[in-house]
There are 2 protein chains.
Amino acid sequence: MARWEPDARGRLALAAMQLYGERGFEQTTVAEIAERAGVTERTFFRHFADKREVLFNGSVGLQEAVLAAIEATPAGVGPVETVGRAMEVAGSGIPEREYAAQRAAILTANPSLQERELLKLASLGAAAAAALQRRGVDPLAATLAAQTGVAVFHAAFARWVGDVDAPPLAVCIREALTELRALTAD
Amino acid sequence: MARWEPDARGRLALAAMQLYGERGFEQTTVAEIAERAGVTERTFFRHFADKREVLFNGSVGLQEAVLAAIEATPAGVGPVETVGRAMEVAGSGIPEREYAAQRAAILTANPSLQERELLKLASLGAAAAAALQRRGVDPLAATLAAQTGVAVFHAAFARWVGDVDAPPLAVCIREALTELRALTAD
DNA sequence: GGAGTGATGACAGGAGCTGACATCGGGTGC
DNA sequence: GCACCCGATGTCAGCTCCTGTCATCACTCC
């Protein structure tokens, strides 16, 4: 069996995306994903913690990018602006809009996947808040700024994915941030 | 009605809280909860959609309170302030701090429960955004204002639960909102 | 008193997920 | 070249969550 084919993880992720798209998330079993990828069901769980996690491969990279961008922001910039800029920078690294749209379609069709997405965003927010605190921002302000930044990113990302005529993601983020400033000034 | 044993739902919720607290969420099975409540496992799932939902009994009431408060806010108040006031009003209806603290301890020990909490908050935010739109606020602004309001509520709630010396919840919410305004003004 | 209603019990079963152990293939050291 | 080790995978057994289906039982209404 020339079988220890390389990149089992990649094949599993691809197979899962295809099947989730073809017949829906709940309607596809882990056994089917594994079969299409040419591995065992057990192997699926060695690469992904659960059936949902396969859709969140990029979350680690995004979080790293955001944290690095926060570190790289000059001191003296306010916390909200710092997080906003970090989101812009990290957002620039997500150019594959087609994949994002397909993934979003799967996500919006399933509450349990939205839960996982929210957890990832909350984790991103918590990490950003910690990074802010390391730069001297007090805890409450750091939490609020980070959460606000995540909310801005989320809203902008949704707009970018859902609207074919939307500007690049970084621009969407900047515009949402500007809008937020105007709103809180009331 | 005094059918057989009344209030199966209440007994299930109580038993679940006790067991989750005693031995942890993942370590307690639905069968054990049902046994302590004196019903069948099947009956548990007739009252709660899943094992986590039993900890989110109050979410419906909270959402209703927030929506009612938004409706009751005079026109002319800005969207962020509207949501902030609604959170204050709804927060006044959550006086049982001991229960909240016990529940929070269980929640923070388990990511899957945090996922559900985040979903509830997101649902609250979406509902608030819809209510705002019904009052003439444009969609992006409504989303941002609602999300921001939820973030403020979440941060304030965490402070209130975690800090014995914290002021009443409504005050925590007002203070967090004030802090946010100062932050976004940068 | 009989029919309807709503909650529950009893049973079967699928799917997600985990632990334990065997196996295979590819390096490593000699 | 060979023995050996190690990481990735296969195999198997099993638990738990959750659902569908049907019977039952108390209670209500006519």
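Residues numbered from 1 in each chain as written. Chains lettered and ligands numbered in written order. Predicted model: local features only at pLDDT ≥ 70, side-chain atom pairs only at ≥ 80, totals over all residues. Heavy atoms only, no water.

Turning next to the layout of surface pockets. Considering only enclosed or pocket space, the largest pocket measures out at about 1,100 Å³ in volume. Together, 35 residues line the largest pocket, and A:Ala122, A:Gln147, B:Leu118, B:Leu121 and B:His154 are the ones closest to its centre. Every element with two or more residues in the lining of the largest pocket is listed here: helix H7 (111-134) and helix H8 (139-162) of chain A together with helix H6 (97-108), helix H7 (111-134) and helix H8 (139-162) of chain B. With 10 residues, the top contributor of residues to the lining of the largest pocket is H8(B). Per-class residue counts for the lining of the largest pocket are 22 nonpolar, 10 polar and 3 charged. (1 Å grid on protein atoms, 1.4 Å probe; cavity = no way out; pocket = protein on both sides within 12 Å on 5 of 7 lines; lining within 4 Å. Points joined across faces, edges and corners; volume = space filled by probe spheres on them. Helix = DSSP H or I, 4+ residues; strand = E, 2+ residues; numbered from the N terminus. Nonpolar A, V, L, I, M, F, W, Y, C, P; charged D, E, K, R; others polar.)

Overall, the coordinates contain 10 aromatic pairs over all chains when judged by the stated rule. Residues A:Phe157 and A:Trp160 carry aromatic rings whose centres are separated by 5.8 Å and whose planes lie at 50° to one another, so their mutual orientation is tilted. Of this pair, A:Phe157 and A:Trp160 both sit in helix H8, separated by 3 residues, roughly a single helical turn. Here the two residues A:Phe157 and A:Trp160 agree in accessibility, since each one is buried. In this arrangement the basic side chain of B:Arg103 is found over the ring face of B:Phe56, its NZ or CZ atom lying 4.9 Å from the centre. (Phe/Tyr/Trp six-rings, centres within 6.5 Å; stacked < 30°, edge-to-face > 60°. Buried < 20%, exposed > 50% of the residue type's maximum accessible area, 1.4 Å probe, protein only. Lys NZ or Arg CZ within 6 Å of the ring centre and 35° of its normal.)

On to the protein's contact with DNA strand C, then. The environment of DNA strand C is formed by 19 residues, the closest being A:Lys51, B:Thr40, B:Thr43, B:Arg46 and B:His47. Atoms of DNA strand C within 4 Å of the protein belong to the sugar or the phosphate in 53% of instances, the rest to bases. At a separation of 2.5 Å, a base oxygen of DNA strand C approaches a polar side-chain atom of B:Arg46. The contact in question runs from a phosphate oxygen of DNA strand C to an N or O atom on the side chain of B:His47, over 2.7 Å. The set of elements that each furnish at least two residues to the surface near DNA strand C consists of helix H3 (41-47) of chain A together with helix H3 (41-47) of chain B. The greatest single-element share of the surface near DNA strand C, amounting to 4 residues, is contributed by H3(B). Looking at the surface near DNA strand C residue by residue, the classes come out as 6 nonpolar, 6 polar and 7 charged. (Near = heavy atom within 4 Å. Polar contact = N/O pair within 3.5 Å; in protein donor to acceptor, adjacent residues only side chain to side chain.)

Time to look at the interface of chain B and chain A. Facing the 30 residues of chain B at the interface are 30 residues of chain A. With both chains or domains summed, chain B and chain A bury close to 2,600 Å², and 68% of this area falls on carbon and sulfur atoms. The largest share of the area that chain B buries against chain A comes from B:Glu115, B:Leu144 and B:Thr184, three residues that together contribute 24% of it. If you look at where chain B meets chain A, you find 4 salt bridges. In this structure, B:Arg116 and A:Glu115 form a salt bridge, with 2.9 Å as the shortest nitrogen-oxygen distance. (Contact = heavy atoms within 4.5 Å. Buried area = accessible area lost by both parts, 1.4 Å probe. Salt bridge = Lys/Arg side-chain N within 4 Å of Asp/Glu carboxyl O.)

On to H8(A), then. Taking 1.5 Å per residue, 24 residues should reach 34 Å; H8(A) reaches 34 Å between its end C-alpha atoms and fits that length. Capping the start of H8(A) is the job of one residue whose side-chain oxygen sits 3.2 Å from the backbone nitrogen of A:Leu140: A:Asp138. (Expected span 1.5 Å × (residues − 1).)

The next thing to look at is the pattern of salt bridges. For the structure on display, the rule yields 28 salt bridges over all chains. Salt-bridge contacts for A:Arg52 lead to B:Glu115; the nearest nitrogen and oxygen are separated by 2.7 Å. Taken as a pair, A:Arg52 in the loop between H3 and helix H4 (59-72) and B:Glu115 in helix H7 lie in two separate chains rather than in one. Of the two residues, A:Arg52 and B:Glu115, both sit in the buried class. Where B:Glu22 meets B:Arg36, a salt bridge forms, and the shortest distance between an N and an O atom there is 3.1 Å. Of this pair, B:Glu22 sits in helix H1 (residues 8-23) while B:Arg36 sits in helix H2 (residues 30-37), and the two are 14 residues apart along the sequence. The partly exposed category is assigned to B:Arg36, whose relative accessible area is 40%. Linked by salt bridges that have partners in common, A:Asp50, A:Arg52, A:Glu53, A:Arg116, A:Lys120 and B:Glu115 make up one network.

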